[in-house]
Amino acid sequence: MEIVGRLCQTPIQEHRPIVAFHRNALQIAAIFCLVSLLGMPALRASQTKVWEEFSGEKAFAHVQRLVDFGPRPSGSEAIEKSRRYIEDQLRRSGWQVTRQAFTDDTPQGKVQFANLIAQFPGQENAAPLFLLCSHYDTKTFDAIKFVGANDGGSSTGLLLELARVIGQHPNLAAKVELVFFDGEEAYDHFSETDGLYGSRYFAKHLGGGGQFRGGILFDMVGDRSLDVTLPADSPSEMARDIFAAGEALKLRSYFTYLDHEMIDDHSPLNAIGIPTIDLIDFDYPWWHTAGDTIDKISARSIQIVGSVALYYLSEVALK
């Protein structure tokens, strides 16, 4: 009150510099506030982590489209529709796609297969370092309608969503190659001549694969009751890093070890020296049954696996 009283006794003209100072201060504060508000969306965008961009819902929508094609065994009209859909989605996300077509002998005669290999533009001068893989065929059955929502569908939808997210980060995309394997399923039983047709052909024609640091194979990753079971023969360092990625995202409880080894599309890659881990939920009651339908999987489960994979890629494998 004493200060106010003294100010009131001061001539009016002596207040003008003080008033002007306050006006300038308010204007400066307003400008800073406006700049801050305008800059907030950009700041938030710059703080978004790549694994937070993954959408389980978008991945699930891809699975639905594949399931709508019906059973998709190798050599069928439905798998050709699936092939064209995958190629279209990859190109929309900025990837260049090559068909690796071949014919192989099977217990049901000669069958035409085609792996889909996607690389990002600009990789001409720098070979990709890491493989991300899935099979997109379904097992051949005569007695049941097998649409493979989880077995073949969920991992393909996940890989398409990874393609979209990674494609928005050219520096990351340049280090990655995507492979959609045909002919993973065996006609009779897995052997050196039955099953894994696409991955065996890919590995054989890779020329040693020395340029790849490693790879992730996705298979059956959509189970509503998710329990990703890493095969017992998983590359140990990769397994530890996947578990650590799950821990970092508070998703570790969804990942554990399977109590035995697994024959899957990662096997031919590991055989030629590319350490490849199989992210698979083999605890799935509807495996190879007519019950493997879209209602048995969830966007949330695919979201969990996709997020952990992207964290591992961006923070560990390709750091």
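Above this text you will find the structure in question.
Residues numbered from 1 in each chain as written. Predicted model: local features only at pLDDT ≥ 70, side-chain atom pairs only at ≥ 80, totals over all residues. Heavy atoms only, no water.

### Digging into the sheet that holds strand β5 (residues 214–219)
Working definition: the strands of a sheet are paired by backbone hydrogen bonds and lie parallel or antiparallel to each other.
Item 1. Across the sheet, six strands lie side by side as β1-β2-β4-β3-β5-β8; this open sheet has mixed pairing. The open sheet terminates on both sides in strands that have one partner only, identified here as β1 (96–106) and β8 (276–280). Pairs of neighbouring strands in the sheet enclose a mean axial angle of 20°, with direction left out of account.
Item 2. Two strands pair when backbone bridges link them, and strand β3 (residues 130–135) and β5 are joined in this way by four bridges, in the parallel orientation. (Pairing = 2+ DSSP bridges. Helix = DSSP H or I, 4+ residues; strand = E, 2+ residues; numbered from the N terminus. Axes fitted to C-alpha atoms, helices over the stretch in contact; angles between N-to-C directions.)

### Here's the deal with the nonpolar core
If you look at soluble globular proteins, the nonpolar side chains tend to sit buried side by side.
Item 1. Counting residues in each nonpolar core, the largest one holds 67 residues, and the members touching the most others are L90, W95, L132, L178 and F218.
Item 2. Tallying contributions element by element places helix α10 (residues 299–317) first for this core, with ten residues.
Item 3. Ignoring anything within four residues of it in the chain, the contact list for L178 reads L90, W95, L116, I117, A118, L132, L159 and A163. (Core = buried A, V, L, I, M, F, W, Y, C linked by side-chain atoms within 4.5 Å. Buried < 20%, exposed > 50% of the residue type's maximum accessible area, 1.4 Å probe, protein only. Contact = heavy atoms within 4.5 Å.)

### Brief notes about the pairing of β5
Item 1. β5 sits mainly inside the fold: six of its six residues count as buried.
Item 2. The two faces of β5 match: G214, I216 and F218 on one face and G215, L217 and D219 on the other face are all buried.
Item 3. For β5 and β8, the ladder comprises five bridges, and the chain directions are parallel. Across the sheet, the residue bridging to G215 is T276, located in β8.

### Some words on the packing of helix α3 (residues 56–68) against α10
Item 1. In the contact formed by α3 and α10, the axes pass within 8 Å of each other and the chain directions differ by 115°. Here the hand of the crossing between α3 and α10 comes out right-handed. For the pair α3 and α10, contact is made by G56, E57, A59, F60 and V63 and by A299, I302 and Q303, respectively.
Item 2. Of the residues in the contact of α3 with α10, the class split is five nonpolar, two polar and one charged. (Left-handed = near helix turned anticlockwise from the far one by under 90°. Nonpolar A, V, L, I, M, F, W, Y, C, P; charged D, E, K, R; others polar.)

### A word on the packing of α3 against helix α4 (residues 77–92)
Item 1. Packing of α3 against α4 brings their axes to within 10 Å, and their N-to-C directions diverge by 155°. With respect to their mutual orientation, α3 and α4 come out roughly antiparallel. α3 and α4 meet at a crossing whose hand is right-handed. Residues H62, R65 and L66 of α3 pack against S82, Y85 and Q89 of α4.
Item 2. Here the residues of the contact of α3 with α4 are counted per class, giving two nonpolar, three polar and one charged. (Parallel < 35°, antiparallel > 145°, perpendicular 65-115°, else oblique.)

### Some remarks on the pairing of β8
Item 1. When you tally the buried positions in β8, you get five out of five residues, the bulk of the element.
Item 2. Alternating positions in β8 separate into two faces, T276, D278 and I280 on one and I277 and L279 on the other, with burial throughout.

### Quick look at the side chain of S93
Item 1. Summarising the element assignment, S93 is placed in the loop between α4 and β1.
Item 2. The residues contacting S93, other than those within four sequence positions of it, are F120, A163, R164 and G167.

### Section: unusual backbone geometry
Item 1. Even without being a glycine, L196 presents a positive backbone phi close to 55°.
Item 2. Take L196: it is sitting in the loop between β4 (176–181) and α7 (197–204).
Item 3. Overall, the relative accessible area of 7% leaves L196 in the buried class.
Item 4. Despite not being glycine, M220 has its phi angle at roughly 55°, a positive value.

Read these as layout, nothing more, since geometry by itself doesn't imply function.
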